[in-house]
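Given next are the chains, with one letter for each unit.
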Amino acid sequence: MKQKKSFHWTRVVLAAVIVFFYIPIAYTILFSFNASRSLTTFSGFSLRWYEKMFSSSVTMGAIGTTFAIAILATVISTCIGTITVIGLSRCSKPLRRAVRTANDLPIMNPDIVTAIGLLMFFATLEVSKGFLTLLLAHIAFCTPYVMLSITPRLRTLDPNLADAALDLGANPWQALWHAIIPQLSPGIFAGALIAFTMSFDDFVISYFVTGNGVQNISILVYTMSKRVNPSINAISTLVIVIITVVLLLVNLIPRIAERTRKKHKEEPAS
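Only a predicted model underlies this, so the values are computations on that prediction, with no experimental measurement involved.

**Here's the deal with the packing of helix α6 (residues 131–155) against helix α8 (residues 172–201)**
Then, in step 1: Contact geometry for α6 and α8: axes closest at 8 Å, N-to-C directions at 155°. In terms of their interaxial angle, α6 and α8 are classed as roughly antiparallel. The chirality of how α6 crosses α8 is right-handed. Residue-level contacts link His 138, Phe 141, Cys 142, Tyr 145, Val 146, Ser 149, Ile 150, Arg 153 and Leu 154 of α6 to Gln 183, Leu 184, Pro 186, Gly 187, Ile 188, Ala 190, Gly 191, Ile 194, Ala 195, Met 198 and Ser 199 of α8.
Then, in step 2: Classifying every residue of the contact of α6 with α8 gives 13 nonpolar, six polar and one charged.

This is the structure we're talking about:
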């Protein structure tokens, strides 16, 4: 009886948590189709806020900037993080510890501290704030997450893997690309997803390092919230749809590839 009651309350708590997280999302999607400006009363179905969003050059520019920064920061930080982690595996232990400690600092620091530090750094170098400073800042705070994701995976590899590839006739580049990178691919992929999410979602650091009219979605939504613009719902719904599609593709493509490989293996046997 106690086990049944415990199981019952577990399902209740799980349902409450799901409702708590997903009701606001459903609310946002519903009111993105509201005919009026009200954010509390649904007065009828309309696509006016989507039309306003797509017709606004400021909104579309912010969306384009967000995706451009997120994609570039993800690719560059993933490359830097992967190369750094592999290089550190060949270094002495004191150097590895020093670099890993330095890598943990941006993760543990509050965003406001990192933002002020980057702002002062760019001001010292007299770099005008804009797209470049925004991209560099995103690369700076995304790279530690990539390294943190790849490092545990690298520790599980045989340290003689690269040497074995070299003994079999591969050059250093081939050993890296064909022997080490495939083994690290789960950690690299996870790090890239984290980097993309962190870059896409960032507001505090972006707010401090951007300028010259360059803004991402988070800054745009912040400025809209002051004027209670219902276009926020349309922008949020668009982002939710894009993220949902990406997650579905990320989960379905490996399964489809795995089924395809299994079919190819079974065909010669039959």
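**Looking at the layout of surface pockets**
Then, in step 1: The volume enclosed by the largest pocket comes to roughly 610 Å³.
Then, in step 2: As for the largest pocket, its lining consists of 20 residues, of which Phe 196, Thr 197, Phe 200, Val 239 and Ile 243 are closest to the centre.
Then, in step 3: Of all the secondary structure elements, the ones that give two or more residues to the lining of the largest pocket are α3 (57–88), α8, α10 (217–225) and α11 (231–269).
Then, in step 4: Class assignment for the residues of the lining of the largest pocket results in 15 nonpolar, four polar and one charged.
Then, in step 5: As a volume, the second largest pocket reaches approximately 340 Å³.
Then, in step 6: Lining the second largest pocket are 13 residues, and of these Ser 89, Arg 90, Leu 154, Asp 158 and Pro 159 sit closest to its centre.
Then, in step 7: At the level of elements, α4 (93–108), α6 and α7 (161–167) are the ones that each hand at least two residues to the lining of the second largest pocket.

**Side note on the side chain of Asn 216**
Then, in step 1: Mapping Asn 216 onto the fold places it in the loop between α9 (204–209) and α10.
Then, in step 2: In terms of polar contacts, Asn 216 uses its side chain to reach the backbone carbonyl oxygen of Asp 202, at 3.5 Å.
Then, in step 3: There is a polar contact of 3.1 Å between the side chain of Asn 216 and the backbone nitrogen of Ile 219.
Then, in step 4: In contact with Asn 216, other than residues within four places in its own chain, are Ala 62, Thr 66, His 138, Asp 202 and Ser 206.

**Examining the packing of α3 against α6**
Then, in step 1: Contact geometry for α3 and α6: axes closest at 6 Å, N-to-C directions at 45°. Of the possible angle classes, the one that applies to α3 and α6 is oblique. Relative to α6, α3 is oriented so that their crossing is right-handed.

**Structural notes on unusual backbone geometry**
Then, in step 1: Its identity as a non-glycine residue notwithstanding, Glu 126 has a phi of 55°, on the positive side.
Then, in step 2: With respect to the secondary-structure elements, Glu 126 resides in the loop between α5 (111–124) and α6.
Then, in step 3: One non-glycine residue, Asn 212, lies in the positive phi region at around 55°.
Then, in step 4: By secondary structure assignment, the location of Asn 212 is in the loop between α9 and α10.

**Focus on the environment of Met 147**
Then, in step 1: Take Met 147: it is sitting in helix α6.
Then, in step 2: Given the relative accessible area of 8%, Met 147 is considered buried.
Then, in step 3: Residues Met 147 and Ile 83, 64 residues apart in the sequence, show an inter-C-alpha distance of 9.2 Å.
Then, in step 4: Those residues in contact with Met 147 that sit more than four places away from it in its chain are Gly 81, Thr 84, Val 85, Leu 88, Val 99 and Asn 103.

**Considering α8**
Then, in step 1: With 30 residues, α8 should cover 44 Å at 1.5 Å per step; its first-to-last C-alpha distance of 37 Å lies more than 12% under that length.
Then, in step 2: Along its length, α8 reaches its greatest deviation from straightness, about 60°, at Ser 185, and the proline Pro 186 lies no more than four positions downstream.
Then, in step 3: Residues Ala 175, Ala 179, Ile 180, Ile 181, Leu 184, Gly 187, Ile 188, Gly 191, Ala 192, Ala 195, Ser 199 and Phe 200 constitute the buried set of α8.

Thresholds applied
Residues numbered from 1 in each chain as written. Predicted model: local features only at pLDDT ≥ 70, side-chain atom pairs only at ≥ 80, totals over all residues. Heavy atoms only, no water. Axes fitted to C-alpha atoms, helices over the stretch in contact; angles between N-to-C directions. Helix = DSSP H or I, 4+ residues; strand = E, 2+ residues; numbered from the N terminus. Parallel < 35°, antiparallel > 145°, perpendicular 65-115°, else oblique. Left-handed = near helix turned anticlockwise from the far one by under 90°. Contact = heavy atoms within 4.5 Å. Nonpolar A, V, L, I, M, F, W, Y, C, P; charged D, E, K, R; others polar. 1 Å grid on protein atoms, 1.4 Å probe; cavity = no way out; pocket = protein on both sides within 12 Å on 5 of 7 lines; lining within 4 Å. Points joined across faces, edges and corners; volume = space filled by probe spheres on them. Polar contact = N/O pair within 3.5 Å; in protein donor to acceptor, adjacent residues only side chain to side chain. Buried < 20%, exposed > 50% of the residue type's maximum accessible area, 1.4 Å probe, protein only. Expected span 1.5 Å × (residues − 1). Bend = angle between axes of the 7 residues up to and from the residue.

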